[in-house]
Amino acid sequence: VASTETTLVGILHKLTQKGFLNEHNCSLKKECCPKSSILRFEFVHDKIQEAAYEVMSNRERRLNHMRFGLALYPREIDKNNDELLFMAINQINVAGPDSVVDGDQKHIIAGLNLNAGKRAGKRSDFQTAFSVFQHGISYLDADCWENHYDTSIEL
């Protein structure tokens, strides 16, 4: 069992005590996070968030964007949540294809972009659809026409 001081929540609580973060207990405030009982933390000021972001290396930033995007990507329960879908895809695409080294993972992310582009097209948001399709293409490997023809042609 990890001590309170080394867990993520423990670290976030310490940052809250020091005045860098605000903590919201979403189980007490239903308007904050409906249907959940989780803690939510946010920076008390944009400048603190910017400073924390600037301390990270470019590689760390890209990896964090990828992690956040994959964690946010809607699962079966949230499949119709377009807001969550586009928030996740945006985070993944900020990370970029250089943050993924495995060809199969790149193909999966290209497929996620394809899905998001189709959803944007159904909403008549053609600019977003075009942008997301372009990002999807950027995740395809050079041999995509042989190995992933269907995804390649759809993008």
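These numbers were taken from a predicted model, which means no experiment stands behind them. (Residues numbered from 1 in each chain as written. Predicted model: local features only at pLDDT ≥ 70, side-chain atom pairs only at ≥ 80, totals over all residues. Heavy atoms only, no water.)

Participant: How would you sum up the packing of helix α4 (residues 82–95) against helix α5 (residues 103–122)? Please name residues and give values.
Facilitator: The axes of two packed helices give the description: the angle between them and the distance between them. For the pair α4 and α5, the least separation of the axes is 10 Å and the interaxial angle reads 135°. As far as their axial angle goes, α5 and α4 are oblique. Where α4 crosses over α5, the two elements pack in a sense that is left-handed. In this structure, α4 contributes D82, L85, F86, I89, I92 and N93 to the contact, and α5 contributes I109, L112, N113, N115, A116, R119 and A120. When the residues that make up the contact of α4 with α5 are grouped by side-chain class, the tally is eight nonpolar, three polar and two charged. (Axes fitted to C-alpha atoms, helices over the stretch in contact; angles between N-to-C directions. Helix = DSSP H or I, 4+ residues; strand = E, 2+ residues; numbered from the N terminus. Parallel < 35°, antiparallel > 145°, perpendicular 65-115°, else oblique. Left-handed = near helix turned anticlockwise from the far one by under 90°. Contact = heavy atoms within 4.5 Å. Nonpolar A, V, L, I, M, F, W, Y, C, P; charged D, E, K, R; others polar.)

Participant: Would you mind going over a nonpolar patch on the surface in detail, with residue names and values included?
Facilitator: Together, I11, L15 and F20 line one region of the surface with nonpolar side chains, adding up to about 220 Å² of accessible area. Relative to the elements of secondary structure, L15 occurs in helix α1 (residues 8–17). By relative accessible area, which is 31% here, L15 ends up partly exposed. (Patch = residues over 30% accessible without salt bridge, like charges linked within 9 Å, V, L, I, M, F, W, Y side chains within 5 Å. Areas by Shrake-Rupley, 256 points an atom, 1.4 Å probe, with all protein chains shown as cover. Salt bridge = Lys/Arg side-chain N within 4 Å of Asp/Glu carboxyl O. Buried < 20%, exposed > 50% of the residue type's maximum accessible area, 1.4 Å probe, protein only.)

Participant: Account for the layout of surface pockets, with residues named and values stated.
Facilitator: Size it by volume and the second largest pocket reaches roughly 150 Å³. For the lining of the second largest pocket, the secondary-structure elements that each account for two or more residues are α3 (58–72) and α5. Ranked by residues supplied to the lining of the second largest pocket, first place goes to α5 with four residues. Of the residues belonging to the lining of the second largest pocket, the class tally is eight nonpolar, two polar and no charged. (1 Å grid on protein atoms, 1.4 Å probe; cavity = no way out; pocket = protein on both sides within 12 Å on 5 of 7 lines; lining within 4 Å. Points joined across faces, edges and corners; volume = space filled by probe spheres on them.)

Participant: Kindly report on the packing of α5 against helix α6 (residues 126–138), identifying the contributing residues and their values.
Facilitator: Contact geometry of α5 with α6 gives a least axis separation of 8 Å together with a crossing angle of 170°. By the criterion of interaxial angle, the relationship of α5 to α6 is roughly antiparallel. The segment α5 lies against α6, with A110, N113, L114, A116, G117, K118, A120 and G121 engaging F126, T128, A129, V132, F133, H135 and G136. For the contact of α5 with α6, the residue count by class is eight nonpolar, six polar and one charged.

Participant: Now, about the environment of I108: what can you tell me, with residues and values included?
Facilitator: Looking at the secondary structure, you find I108 in helix α5. For I108 and Y139, which are 31 residues apart along the polypeptide, the C-alpha to C-alpha distance reads 8.9 Å.

Participant: An account of α5 is requested, with residue identities and associated values reported.
Facilitator: Between its terminal C-alpha atoms α5 stretches 29 Å, which fits the 28 Å expected from 20 residues at 1.5 Å a residue. Residues K106, I109, A110, L112, N113, L114, A116, G117, R119 and A120 constitute the buried set of α5. On its buried face, α5 is in contact with α3, α4, α6 and α8 (149–154). The N-capping residue of α5, defined by a side-chain oxygen 3.1 Å from the backbone nitrogen of D104, is D102. Of the residues one or two after α5, S124 is the one with positive phi, at around 60°. (Expected span 1.5 Å × (residues − 1). Polar contact = N/O pair within 3.5 Å; in protein donor to acceptor, adjacent residues only side chain to side chain.)

Participant: Break down the environment of N64 for me, with residues and values.
Facilitator: Relative to the assigned elements, N64 resides in helix α3. Of the residues examined, N64 reaches a relative accessible area of 18% and is grouped as buried. Taking the C-alpha atoms as reference, N64 lies 8.7 Å from Q91; in sequence the two are 27 residues apart. A distance of 2.8 Å separates the side chain of N64 from the side chain of R67, its partner in a polar contact.

Participant: Describe the confidence of the model for the chain, naming the residues involved and giving the relevant values.
Facilitator: Where the model shows low pLDDT, its predicted coordinates should not be examined in detail. In this model, the chain carries an average pLDDT of 82, and 82% of its residues clear a pLDDT of 70 or more. Low pLDDT, under 50, characterises residues 32–36; the stretch is placed with eight contacts to residues that sit more than four places away or in other chains. (pLDDT = per-residue confidence, 0-100.)

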